[in-house]
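What follows is each chain in one-letter form.
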Amino acid sequence: MSLLAHLAALIFRIQNIMATLERMGFSVTFIANITQRKNSRDFSLLFWYEWKSNHNVTATARNTNAAFGDVSVSERTTSSVIAKFESGDDSLTNKDRGKPDTVVDNEVLREP
């Protein structure tokens, strides 16, 4: 397949993804932000779409990197997000890992 054919196929795929996202209620502004900010939640949405389209981890990472730049996502990140979807958790947000409580003794800080 020629480079031009690959590019045409990629553009067609991106148009399909954008049309699907618009049907799901996402605005064009949201879609444009994916390319500018490269937010992890935005990529999770793309991973979810690829997973629902029965694409494997390698194809998902390759498609995402082809669309948004060669180093946008790693195959390992893609794998962990898709594994989360396969386990039944289809939320698009990261789980809160929690923060340790900050322990500060103000009296110690006030000492000269």
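Structure: above.
Here's a quick rundown of the structure. (Residues numbered from 1 in each chain as written. Predicted model: local features only at pLDDT ≥ 70, side-chain atom pairs only at ≥ 80, totals over all residues. Heavy atoms only, no water.)

### Notes on helix 4 (residues 57-68)
Then comes step 1: Between its first and last C-alpha atoms helix 4 spans 16 Å; for 12 residues at 1.5 Å apiece the expected length is 16 Å, and the two agree.
Then comes step 2: Of the positions making up helix 4, those classed as buried are A59, T60, A61, N63, T64, N65 and F68.
Then comes step 3: With a side-chain oxygen lying 3.2 Å from the backbone nitrogen of T58, the N-terminal cap of helix 4 falls on N56. (Helix = DSSP H or I, 4+ residues; strand = E, 2+ residues; numbered from the N terminus. Expected span 1.5 Å × (residues − 1). Buried < 20%, exposed > 50% of the residue type's maximum accessible area, 1.4 Å probe, protein only. Polar contact = N/O pair within 3.5 Å; in protein donor to acceptor, adjacent residues only side chain to side chain.)

### Let's talk about the packing of helix 4 against helix 5 (residues 75-86)
Then comes step 1: Packing of helix 4 against helix 5 leaves a shortest axis separation of 9 Å and a crossing angle of 120°. Taken as axis vectors, helix 4 and helix 5 run oblique relative to one another. Helix 5 is crossed by helix 4, and the crossing has right-handed handedness. Contact residues: V57, T58, T60 and A61 in helix 4; E75, T78, S79 and I82 in helix 5. (Axes fitted to C-alpha atoms, helices over the stretch in contact; angles between N-to-C directions. Parallel < 35°, antiparallel > 145°, perpendicular 65-115°, else oblique. Left-handed = near helix turned anticlockwise from the far one by under 90°. Contact = heavy atoms within 4.5 Å.)

### Section: the nonpolar core
Then comes step 1: If you look at the biggest cluster of nonpolar residues, it comprises 13 residues, and the most contacted ones within it are F43, L46, F47 and F85.
Then comes step 2: The set of elements that each furnish at least two residues to this core consists of helix 1 (3-23), helix 3 (40-52) and helix 5.
Then comes step 3: Looking at which element gives the most residues to this core, the answer is helix 3, with six residues. (Core = buried A, V, L, I, M, F, W, Y, C linked by side-chain atoms within 4.5 Å.)

### Focus: unusual backbone geometry
Then comes step 1: Residues other than glycine seldom take positive phi values, yet N54 does so here, at roughly 60°.
Then comes step 2: Residue placement: N54 occurs in the loop between helix 3 and helix 4.

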